[in-house]
Amino acid sequence: MKVTMIGSGYVGLVSGVCFADFGHDVVCVDKDAGKIEALRKGVMPIYEPGLEQLVATNVKAGRLSFSTDVETSVADSDVVFIAVGTPSRRGDGHADLSYVYAAAREIAAHVKGFTLIVTKSTVPVGTGDEVERIIRDTNPEADVAVVSNPEFLREGAAIEDFKRPDRIVIGISDDRAREVMTEVYRPLYLNQAPLLFTERRTSELIKYAANAFLAMKITFINEVADLCEKVGANVQEVSRGIGLDGRIGAKFLHAGPGYGGSCFPKDTLALAKTAQDHDSPLRLIETTISINDNRKRAMGRKVIAAVGGEVRGKKIAVLGLTFKPNTDDMRDSPAISIIRTLQDGGANVVGYDPEGMENATTVIDDIVYAKDAYAAADGADALVIVTEWNQFRALDMARLKKIMANPILVDLRNIYRHDEIVRHGFHYTSIGRPDLAEKT
Ligand code: UDX
């Protein structure tokens, strides 16, 4: 089938190249001519494992191309996906739908023949109805069906998640859409990925409810971690013990410095606002949001406590700046709050991240960037692991002990165990695991 993907960011580019890899003819469109130019040269606008190779393969096979021209792409397409950004609106936290609506107007002006318009961006309940109205107002002759098809891609694992989804959710209001969408997803459907057809508003809410639930689950284990520190229990063992219950599940039970990223923070806020607007507040999600915001700041205070309560004039090395490993994305990363808290306390911060340092310069001021973990740790009064990149999982403790001014390690991702660190003469602090000698 001929597919246009409007928006070539984290969602649009990954979705577009995966659809091309299924055998569809895909044009990824973006207003940003620089981004399109770079993509045509094989330069990726985002870091996503495997993306560069997959794009090259599909461009070479003639199934994938890049354009700034909505008109031609839309006129030729059977399906047009809207995968533009829906950031939190300044000030009130609602989703900013201006890019979605602008895309709907552009599409409406150029559709030819029966065309599916599919919102893949995360959009509040009822957006599909509004897109339908915009298209009808812009071009009463347009023969379209507006479909909701939210994505559940995790950054750093997006291609894997696209190709092996737990489910594909499709919200339709026109039966003609069912046949076309089944064709679009045929390669996955044949691999038994459940295709869940539902009505459009339900599909839109499924996306928000999924993200909000995952954010709440993480926040739950983060609070349990704080209790563990008080009662002398081990949160990793609690996670394992409850996660073995099939009704709970082991995933998303890793205690840490709080969730970040481009989705959980904005989607929990948008859902809470939608619920408030409809006089049915989601108090669990409202509480999740405030707990998570407070936690990120509390982590900075945890580091200050680990250094003895005073960081003025001290050098603190921070390993990991991105909100999670295997991405370059700094959006709402806990590192931002943690570093700001340390700087407010007068610390001099050195940061290192395998992929995120370029983006970090746009959100973090006055820190020194190091070329690797050991350069960051050189002369440091404390070493803080904020993001669990694999390359931080086997640091040479003897070498760190030699080069650091003070042997203090604060492990906010529980990468290490207490006994294996103290053996090297370090003071070790982690999350939800009291500084007791680890039970074997
Ligand atoms: C999330 C959803 O997982 C995905 O389905 C949706 O499409 C987009 O939002 P993403 O934000 O890319 O994906 O990352 P994810 O792996 O979900 O992690 C989100 C945040 O939660 C990160 O800050 C991560 O560090 C944190 N997290 C995750 C934890 O603190 N503990 C966990 O156990 C899991």
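Here the structure is a predicted model, which is why all the values come from computation and not from measurement.

### Quick notes on the overall build of the protein
Helix and strand counts for the protein stand at 18 helices and 14 strands. The C-alpha atoms of the protein give a radius of gyration of 24 Å, which matches the 22 Å a tight globule of 440 residues would have. Along the first, second and third principal axes, the C-alpha set of the protein runs to 75 × 50 × 40 Å. Here the protein holds 440 residues, and 53% of them are scored as buried. The long-range share in the protein, meaning contacts at least 24 apart out of those at least 6 apart in sequence, stands at 72%. Element-wise, carbon and sulfur atoms account for 51% of the exposed surface of the protein, whose accessible area totals about 19500 Å².

### Describing the packing of helix H5 (residues 98-110) against helix H6 (residues 127-138)
Running from N to C, H5 and H6 cross one another at 40°; their axes reach a closest spacing of 8 Å. Relative to H6, H5 is oriented oblique. Here the hand of the crossing between H5 and H6 comes out right-handed. Note on element contacts: H6 touches H5 through Thr127, Glu130, Val131, Ile134, Ile135 and Thr138, opposite Val100, Tyr101, Ala104, Arg105, Ala108 and Ala109. Residues that form the contact of H5 with H6 fall into these classes: eight nonpolar, two polar and two charged.

### Focus on the site of the ligand
Surrounding the ligand, one finds 18 residues, the nearest of these being Leu153, Glu155, Lys207, Gly260 and Lys324. Lysine 207 is positioned such that a nitrogen or oxygen atom in its side chain is 2.9 Å from an oxygen atom of the ligand. Bound to the protein, the ligand loses 93% of the 660 Å² it would expose on its own. Of the residues that constitute the shell around the ligand, the class distribution is nine nonpolar, three polar and six charged. Counting contributing residues per domain, the shell around the ligand is built from domain 1 (2-198) and domain 2 (290-439), each supplying no fewer than three.

### Let's talk about the sheet that holds strand S10 (residues 348-352)
Taking strand neighbours across the sheet as the criterion, the six strands line up as S11-S10-S9-S12-S13-S14 in an open arrangement whose pairing is parallel. Both outer strands of the open sheet, strand S11 (368-369) and strand S14 (427-429), are each paired with one neighbouring strand and no more. The sheet contact formed by strand S9 (residues 315-319) and S10 spans five bridges and is parallel. The residue bridging leucine 319 from the neighbouring strand is tyrosine 352, located in S10.

### Things to note about helix H14 (residues 334-344)
Residues spaced three or four apart along an α-helix face the same direction, because each turn holds 3.6 residues. A large share of H14 lies buried, amounting to eight of its eleven residues. Regarding H14, the residues found buried are Pro334, Ala335, Ile336, Ser337, Ile338, Ile339, Thr341 and Leu342. Phi turns positive, to about 90°, at glycine 346, one or two residues after H14.

### So, the domain arrangement of the protein
Each assigned domain of the protein is listed here: domain 1 (2-198) and domain 2 (290-439). One C-alpha centre belongs to domain 1, the other to domain 2; they are set 38 Å apart. Taken together, both faces of the contact between domain 1 and domain 2 bury some 640 Å²; the carbon and sulfur share is 42%. Three residues, Tyr10, Tyr47 and Glu155, lead the burial of domain 1 against domain 2; their summed loss comes to 82% of the area buried on that side. Counting across the domain 1 and domain 2 interface gives one salt bridge. Split into classes, the residues belonging to the side of domain 1 that touches domain 2 amount to four nonpolar, one polar and two charged.

### What about the packing of aromatic side chains?
As enumerated under the stated definition, the model contains eight aromatic pairs in all. Seen in terms of ring centroids, phenylalanine 19 and tyrosine 185 are 5.4 Å apart; in terms of plane orientation they differ by 65°. Their pairing is edge-to-face. Residue phenylalanine 19 is found in helix H1 (residues 10-21), and its partner tyrosine 185 is found in the loop between helix H8 (175-184) and helix H9 (186-190); the two are separated by 166 residues along the sequence. A residue is classified by how much of its surface remains accessible, and phenylalanine 19, at 0% relative accessible area, is buried. One aromatic cluster in this structure is built from Phe19, Phe22, Phe81, Phe162 and Tyr185. The residue whose ring lies beneath arginine 167 is phenylalanine 152, and the NZ or CZ to ring-centre distance is 3.5 Å. Lying over the aromatic face of phenylalanine 197, arginine 178 brings its terminal NZ or CZ to 4.4 Å of the ring centre.

### Brief notes about the pattern of salt bridges
Charged atoms that come close allow side chains of opposite charge to pair. Within this structure, the stated rule accounts for 26 salt bridges. Between arginine 40 and glutamate 37 there is a salt bridge, with the nearest N and O atoms lying 3.7 Å from each other. In this pair, arginine 40 and glutamate 37 both sit in helix H2 (residues 33-40), three residues apart, roughly one turn of the helix. Notably, a salt bridge pairs arginine 133 with aspartate 137, separated by 2.5 Å at the nearest N-O pair. With arginine 133 and aspartate 137 both in helix H6 and four residues apart, this pair spans about one turn of that helix. With a relative accessible area of 52%, aspartate 137 lands in the exposed category. Bridged by salt links that share partners, the residues Asp129, Glu132, Arg200 and Arg201 form one connected network.

### Notes on the packing of H6 against helix H10 (residues 200-231)
Where H6 meets H10, the axes come as close as 8 Å, and the angle between the chain directions of the two elements is 130°. Considering the angle they form, H6 stands oblique to H10. Contact residues: H6 offers Thr127, Gly128, Asp129 and Glu132, while H10 offers Arg200, Arg201 and Glu204. For the contact of H6 with H10, the per-class residue count stands at no nonpolar, two polar and five charged.

Quick notes on the rules
- Residues numbered from 1 in each chain as written.
- Predicted model: local features only at pLDDT ≥ 70, side-chain atom pairs only at ≥ 80, totals over all residues.
- Heavy atoms only, no water.
- Helix = DSSP H or I, 4+ residues; strand = E, 2+ residues; numbered from the N terminus.
- Rg over C-alpha atoms; globule rule 2.2 N^0.38 Å.
- Buried < 20%, exposed > 50% of the residue type's maximum accessible area, 1.4 Å probe, protein only.
- Contact = heavy atoms within 4.5 Å.
- Areas by Shrake-Rupley, 256 points an atom, 1.4 Å probe, with all protein chains shown as cover.
- Axes fitted to C-alpha atoms, helices over the stretch in contact; angles between N-to-C directions.
- Parallel < 35°, antiparallel > 145°, perpendicular 65-115°, else oblique.
- Left-handed = near helix turned anticlockwise from the far one by under 90°.
- Nonpolar A, V, L, I, M, F, W, Y, C, P; charged D, E, K, R; others polar.
- Near = heavy atom within 4 Å.
- Polar contact = N/O pair within 3.5 Å; in protein donor to acceptor, adjacent residues only side chain to side chain.
- Domains from an automatic or database assignment.
- Pairing = 2+ DSSP bridges.
- Buried area = accessible area lost by both parts, 1.4 Å probe.
- Salt bridge = Lys/Arg side-chain N within 4 Å of Asp/Glu carboxyl O.
- Phe/Tyr/Trp six-rings, centres within 6.5 Å; stacked < 30°, edge-to-face > 60°.
- Lys NZ or Arg CZ within 6 Å of the ring centre and 35° of its normal.

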